Amino acid sequence: MLLSSLSVFSQETTGVLKGKVSDQSGPLSEASIMISGTSIGVKTDAKGNYSLRAAPGVYTIIASYVGYERSVHPNIKITAGGVQELDILLNGSVQLKEVEVAYGKQRKRDVTGSIAEVSATALQDMPVGQFAQQLQGKVAGVQISQSSGQPGRGMAFRIRGAASLFSGNQPLFVIDGMPITGSINNINPSEIETFTVLKDASATALYGSRAANGVILITTKHAKSGESSITFNGSYGVQKIPMNKVPRMMTAREFAQFMKDRYEDQVKYENFTGTLDPVYQHPEQYGDGTNWFDVLTRTAPTQNYDLSIISGGEKSSSAVMAGYQEQQGVIINNGTRLFSLRLNQELRLGERNQLRMGFNVAPSYRIDHNNRLSTDGVGGLFQKAIEASPITPPVNPDGSLPLNVNTPGMVTDLNPYAQFTQIKDDYKTTRILGNAFLDYDFIEGLTLHTNLGIDKGAETRNYFVPSTAIMSGIASGTSSSVDNYSWTAEANLQYTKTFFNDHHIEALIGYSVQKFDQESNTLTGINFPSDDVEWLSAATEISGGSSNATQYSLLSAIARLNYNYKGKYLLSGAVRRDGSSRFGINEKYGYFPSISAGWVISDERFMERFGAIDLLKLRMSYGITGNNDFANYVHIATLGQYDYVLNGGLVPGNTIGNLGNSDLRWERNKQFDIGLDLTVLNNRIAFTYDYYHKITDGMIQDRPLPQASGFSNIKYNIGVFEFWGHEFGVNTTNLTGGQLEWTSSFNISFDRNLIKSLVSPGFIRRNNTVTSDYFRNQEGHHLGEFYGFVYEGLYQDEADLANSAHYVSGNNYSAVGTLKMRDISGPDGVPDGVVDDNYDRTFIGDPTPDFLFGFTNNFRYKKFDLSISIAGSVGGKLLNAVKWAYLTNMDGSRNLIAAASDHWRSEENPGSGIYPRTLSNTTAIGRSVNTQWVENGSYLTVKNISLGYTVPLKNKLLLKNLRVYASVQQAFVITGYSGMSPEINLNSLDATNGIGVDENAYPIPRTFAIGINTSFK
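Residues numbered from 1 in each chain as written. Predicted model: local features only at pLDDT ≥ 70, side-chain atom pairs only at ≥ 80, totals over all residues. Heavy atoms only, no water.

Attention now goes to the sheet that holds strand β45 (residues 842–845). Taken together, four strands build an open sheet; the order of strands is β38-β39-β40-β45 and the sheet is antiparallel. Either end of the sheet is taken by a strand with one partner, and the two such strands are β38 (763–765) and β45. Direction aside, the axes of adjacent strands within the sheet are offset by 45 degrees on average. Here three bridges tie strand β40 (residues 785–788) to β45, and the two strands are oriented antiparallel to one another. Looking at the pairing, Phe786 lines up with Gly845 of β45. (Pairing = 2+ DSSP bridges. Helix = DSSP H or I, 4+ residues; strand = E, 2+ residues; numbered from the N terminus. Axes fitted to C-alpha atoms, helices over the stretch in contact; angles between N-to-C directions.)

Moving on: the pairing of strand β52 (residues 1006–1016). Consecutive side chains of a regular strand alternate in pointing toward one face of the sheet and then the other. Sheet analysis places strand β19 (residues 228–240) next to β52, joined by eleven bridges and oriented antiparallel. Bridge pairing in β52 places Ile230 opposite Phe1016.

Attention shifts here to the packing of aromatic side chains. Per the counting criterion, the structure on display carries 31 aromatic pairs. Where Tyr269 meets Trp904, the ring centres are 6.2 Å apart and the plane angle is 40 degrees; that geometry is what we call tilted. On the criterion of sequence distance, the pair formed by Tyr269 in helix α3 (residues 252–270) and Trp904 in the loop between α9 (881–886) and β49 (934–936) is long-range, its members being 635 residues apart. Take Tyr269: its relative accessible area is 30%, and that puts it in the partly exposed class. Geometrically, the ring pair formed by Phe464 and Phe528 is edge-to-face, given 5.0 Å between the ring centres and 75 degrees between the ring planes. You can see Phe464 sitting in strand β25 (residues 446–465) and its partner Phe528 sitting in the loop between β27 (503–526) and β28 (541–565), a full 64 residues away along the chain. Ring pairing ties together the aromatic residues Phe687, Tyr689, Phe728, Phe750, Phe851 and Phe853, which thus form one cluster. (Phe/Tyr/Trp six-rings, centres within 6.5 Å; stacked < 30°, edge-to-face > 60°. Buried < 20%, exposed > 50% of the residue type's maximum accessible area, 1.4 Å probe, protein only.)

Moving on, we get to unusual backbone geometry. That bond from Ser760 to Pro761 is cis: its omega, 15 degrees, falls within 30 degrees of zero. Secondary-structure assignment places Pro761 in the loop between β37 (740–757) and β38.

On to the UniProt feature "domain: TonB-dependent receptor plug" (unreviewed entry) in the protein chain, then. Taking the numbering used here, the UniProt-annotated feature "domain: TonB-dependent receptor plug" (unreviewed entry) corresponds to residues 108–215. Annotated as residues 108–215, this span is 8% helix and 27% strand, and its ends, taken at the C-alpha atoms, are 18 Å apart. (UniProt positions renumbered as here; feature names shortened; annotations may be inferred.)

The following block contains the structure:
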């Protein structure tokens, strides 16, 4: 296409220059070819080809393309009637490259906010079910944790320490411009092209009341003009639980001996006159017995297959991607399967392609089998499995299943093998993500963007518990469904203009509306005639049912103005006005402004002598964002059914059950950021630094009310948190141009937090019972600090007991050989010789790490390639509740770790000095949080090691490219933590509900996989 009017030359007096423009990945369409000093120029077609005609002469040819370095070719001779060929290879420019930002794109050098981009191409050798696994350790300030090994689940994000007492702490996900309202688990990682993480208020402000926790923009694969390919990727792997961290439990013989020893000590110390149950009288009759961990776990397969067909023409392009994923769980009889499809289509019309329209549609279907069973935490099946008696078999000799797996003296627990093998829990999720867009260029620089998106989900659950896997012996079945629908409509005008060569502006103004609707219902039935008929229609009694509907809406206006002078002085301002149905009538609308500035120091004349510096930019920003991620109708008074007295009798009626708050508003984040971007040595080294400081105020809490009001509390904006930290990132090209190439990426972040203000009395307990009161959020302390006793060993002898404080709580007391805790204080504020629950517990550990880091290295030698990804954490404490609250119950109510056999028996036989005696009414304190539970949480995990080989192909084959690889995920973990995984958390990454708490989580497996990447001609 001609860039401008060209002189008309005759064939005899002119010559032709033609060729192809491409980059490392293929031809580039719409690249500009100019003859320097003239107005003669053309653009390349869909296949990257160009042809221009000019008078005879020697010229300098300039090739350019957005995001690429300009290529200059001097001394190109054009002869009359001749044809000169010139193929041009363009190299991407780090400075000119465009990156995704809120509602558009921007040159990377012009960005004034804190933004990090990750290409998904480098992550293809991690055949995972969730893209979050691929991003672990890749971005400074972004903590991604796998808190559970459940297939297709268990991943959580936390950007810059985000936390809330009542609202969510997960970032907003935006896929191809459309905010996502539901789960991200149904998104196939192979469909993704890039991730862009928006971290500071300047980068996120245009998402307003949803941006307090950061924003992650996901761009899926689209066809480029001139691109045509068919690719197939497949992998198959096996998952194994690393056995070096599996707790060594007592065998049948060891447990029987423990129970026999306990009986003998009861007789000796407690004057017990009863008899020992015959089950424990002869421990030597048993061998290892049942290893419940081995019974309930397995080596499990995982497989991924993806096919994509991409075709890009001059006027239209399409990308079709289909995928199948299957991950079986390492716990028996559970797993997930995902079927996914995506179609991205675009059409361009007009001489200048000024009208662009298209759509993206992505249906998916997930089947979870027994993947929603309660496996983690207190009462979870994994806890029940490890504490079951090793004397009881999972299957009786006659093939029947024992109902319970406890032996005398133990708590009564159902057979976990029967539960895992007999319960059927099928959860099916259908999801359709789609959006259609239309863009129109009215004049040069003025563009209308419109986008209409939908997020449709339907979930069904069929849950059946047969009579052989339930304590009552009565089969139970549940059928439930959830139907949700969200639509988003957006339109904005963007204007770009350069004035007087040096003044450049980019302006945006727009409007957005979003609405979400959900309906759900549940029915439960009992008394099935047979365990073979599991459908609810067979139940003879409907024992329960419920239905519900909810909705919310968001109405918004946005505006942004970017200005730069000579490309080196940068200024940006943005604002979003959100109206939300989730807030009180007096606070439905809120404003979320931001301002940022940048200075490209490397463009100054005084920097010319520093030739090694390619880019040096200083940037600064401040802005306000909000958090509206919580339940609907909280601000509205609700009705409840209550009884009242009339004529001496109780009569049911309806009245207000919870007070509303017409002044309830969103929680706000006020964030300051200052950053530095530096690239040197022809962009071979890129360094980024950010310091951030943010205040989260208006935290929503329950504010107590006087009892005379008739209500106990009201939702109110009252709490304040403070967050700050430093983030560093370095990307280097260590070796290039030879047979060996090597690139590295390293990041490290230091995040801190402080609770500034809470509702009276200034602290929030995790639980009102001492045994489960793991942590406390209190003014002046960090989030989620562990709270408990200070462990001082065991009482060694009578003298030690006489000279030490004693634990007093109900019938519990202290004796020689029992756990000794420190006497910290008393009613008068000084130690009083008594250890009790009220005065002698204190803060005993901070789960916040000193710093988090990630390190990735990519090597290429000839046809071989190697990638190693590492992530880790230094500092921060972990609370090993699973070990001390469950696996060392010295009262014999549960199986124990084998090391507990070496416990205190007498002053002459004190055992290891770690595990106390079994004396009645003395063991409960061992199940209360104390410093013995607290461990160093530092770790280094090799997240992925991948070795690949690109197979040389002969031209006659249909294959264009063939690469085979082998990879290991969770290759190994270096840690001093004694639990199964230092990354496991009780409540994922929700700092207000407990991070760093290990409480019986689904094991995280190590995966060995082999795979192929192919493309066809």
